[in-house]
Amino acid sequence: MPTALPPATSIAPPAVSPDLPARERILWTACALFYRDGVRATGIDRVIAEAGVTKVTFYRHFPSKNDLVLTFLADRHTRWMQWFDAALQRHGNTPDALVPALAEWLEDADFRGCAFLNTSAELGGGVDGVNTLTRQHKSDVARRIEALMPQAGKAHPDTSPPPAALARMLCMAMDGAVTHALFGTPPAQALAGLAQAVALLPAAPRRRRPAPAT
């Protein structure tokens, strides 16, 4: 059954309240609506109404919907990476942490897939910057995964791919799991391919024990 992420590690934006500055009310409202319902399905008038601002105020902070979309993705990147880092730390900060960390997200009641892949699929090259932000997000995710395995790929340098290549492979396996979970595959099944990819990683070299004194 879907469960909520721990509040301290939630990816969701803060709840909107009347005492927040107008820009934050607009952004947090848009972040929630864009992720839940999609960018194309969410019109500016709806964001304005739910944020409780006027059109003049909205356009003072965001000259166009495209500006708001790009700000949404930038904010989502920050929040998601903070959650991802904390989740990996909770589960041991090794490659084995990937599956249980991602399971937290896939099992969350508010899970709607990857905001970057979703937005790129909706808008693609139609909005300058969306694909660039998506590539940057995936690159940063891969770098964080690479940091989990500083020795993986070095155990057998002549036959094993470098850690950066292994991290990109795992990142793609993650995207596959997220996509399958989005259209209804149970999280455990969606994550099976990622779990297998982690299991196939080269073992880190063991430290040699010092020879016994004679």
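Our subject is the structure that appears above.
Note that the coordinates shown come from a computational prediction; the quantities given were computed from them, not determined experimentally.

J.: Would you mind showing me how to read the overall build of the protein here?
T.: Looking only at helices and strands, the protein has 10 helices and zero strands in total. Ordered by position from N to C terminus, the α and β elements of the protein give α-α-α-α-α-α-α-α-α-α. The proportion of buried residues among the 214 residues of the protein is 43%. Residue pairs in contact within the protein that sit at least 24 positions apart in sequence constitute 66% of those at least 6 positions apart. Summed over all atoms, the accessible surface of the protein reaches about 11,600 Å², with 56% contributed by carbon and sulfur.

J.: Would you mind showing me how to read the pattern of salt bridges here?
T.: Summed over the entire model, instances satisfying the criterion amount to nine salt bridges. Notably, a salt bridge pairs R36 with D37, separated by 3.1 Å at the nearest N-O pair. A relative accessible area of 32% places D37 in the partly exposed class. Of the charged contacts in the structure, one is a salt bridge between K55 and D45, with a shortest N-O distance of 3.5 Å.

J.: How should I be thinking about empty space enclosed by the protein in this particular structure?
T.: One simple way to see leftover space: roll a probe sized like a water molecule over the atoms. For the structure shown, the criterion picks out one cavity of 30 Å³ or more. The space that makes up the largest cavity amounts to roughly 110 Å³. Forming the boundary of the largest cavity are 13 residues, of which W80, W105, C114, K138 and D175 lie nearest the centre. Within the residue set of the lining of the largest cavity, elements represented by two or more residues are α4 (65-90), α5 (98-106), α6 (115-123), α7 (130-146) and α8 (163-182). For the lining of the largest cavity, the per-class residue count stands at nine nonpolar, one polar and three charged.

J.: Sorry, what's going on with the side chain of T134 here?
T.: Here T134 lies in helix α7. Once residues within four sequence positions are removed from consideration, T134 is found in contact with F116, L117 and S120.

J.: How do you make sense of the nonpolar core when you look at a structure like this?
T.: Nonpolar side chains in soluble globular proteins tend to end up buried together. Ranked by internal contacts, the top residues of the largest apolar core, which has 61 residues, are L68, W80, L98, L102, W105 and I145. For this core, the secondary structure elements donating two or more residues are α1 (22-37), α2 (44-51), α4, α5, α6, α7, α8 and α10 (192-199). It is α4 that provides the largest number of residues to this core, a total of 10 residues.

J.: Please explain α4 as it appears in this structure.
T.: Side chains that are three or four residues apart share a direction in an α-helix, a result of its 3.6 residues per turn. The terminal C-alpha atoms of α4 lie 37 Å apart, and with 26 residues this matches the ideal 38 Å at 1.5 Å per residue to within 8%. At the N-terminal boundary of α4, the capping side chain belongs to S64, with an oxygen 3.4 Å from the backbone nitrogen of N66.

J.: What's the story with unusual backbone geometry in this structure? I'm lost.
T.: Outside of glycine, negative phi angles account for most residues, and trans bonds account for most peptide bonds. Phi is positive for N93, which is not a glycine, with a value near 55 degrees. Residue position: N93 is located in the loop between α4 and α5.

J.: What should I look at first to understand the packing of aromatic side chains in this one?
T.: Centre-to-centre distance and the angle between the planes together describe a pair of aromatic rings. Throughout the structure, instances matching the rule amount to nine aromatic pairs. Arranged with centres 6.1 Å apart and planes meeting at 40 degrees, the rings of F58 and F62 form a pair that is tilted. On the basis of relative accessibility, which here comes to 2%, the residue F62 falls in the buried class. Measuring from centroid to centroid gives 5.1 Å for W105 and F111, while their planes differ by 90 degrees, and the two rings are edge-to-face.

J.: Explanation requested: the state of the cysteines in the structure shown.
T.: Simply put, the disulfide is a covalent bond whose two ends are the sulfur atoms of two cysteines. Enumeration over the complete set of coordinates arrives at zero disulfides. C171 takes part in no disulfide bond, and the closest cysteine sulfur, belonging to C114, lies 8.9 Å away. Judged by its relative accessible area of 5%, C171 falls in the buried class.

Calculation criteria
- Residues numbered from 1 in each chain as written.
- Predicted model: local features only at pLDDT ≥ 70, side-chain atom pairs only at ≥ 80, totals over all residues.
- Heavy atoms only, no water.
- Helix = DSSP H or I, 4+ residues; strand = E, 2+ residues; numbered from the N terminus.
- Buried < 20%, exposed > 50% of the residue type's maximum accessible area, 1.4 Å probe, protein only.
- Contact = heavy atoms within 4.5 Å.
- Areas by Shrake-Rupley, 256 points an atom, 1.4 Å probe, with all protein chains shown as cover.
- Salt bridge = Lys/Arg side-chain N within 4 Å of Asp/Glu carboxyl O.
- 1 Å grid on protein atoms, 1.4 Å probe; cavity = no way out; pocket = protein on both sides within 12 Å on 5 of 7 lines; lining within 4 Å.
- Points joined across faces, edges and corners; volume = space filled by probe spheres on them.
- Nonpolar A, V, L, I, M, F, W, Y, C, P; charged D, E, K, R; others polar.
- Core = buried A, V, L, I, M, F, W, Y, C linked by side-chain atoms within 4.5 Å.
- Expected span 1.5 Å × (residues − 1).
- Polar contact = N/O pair within 3.5 Å; in protein donor to acceptor, adjacent residues only side chain to side chain.
- Phe/Tyr/Trp six-rings, centres within 6.5 Å; stacked < 30°, edge-to-face > 60°.
- Disulfide = S-S within 2.5 Å.

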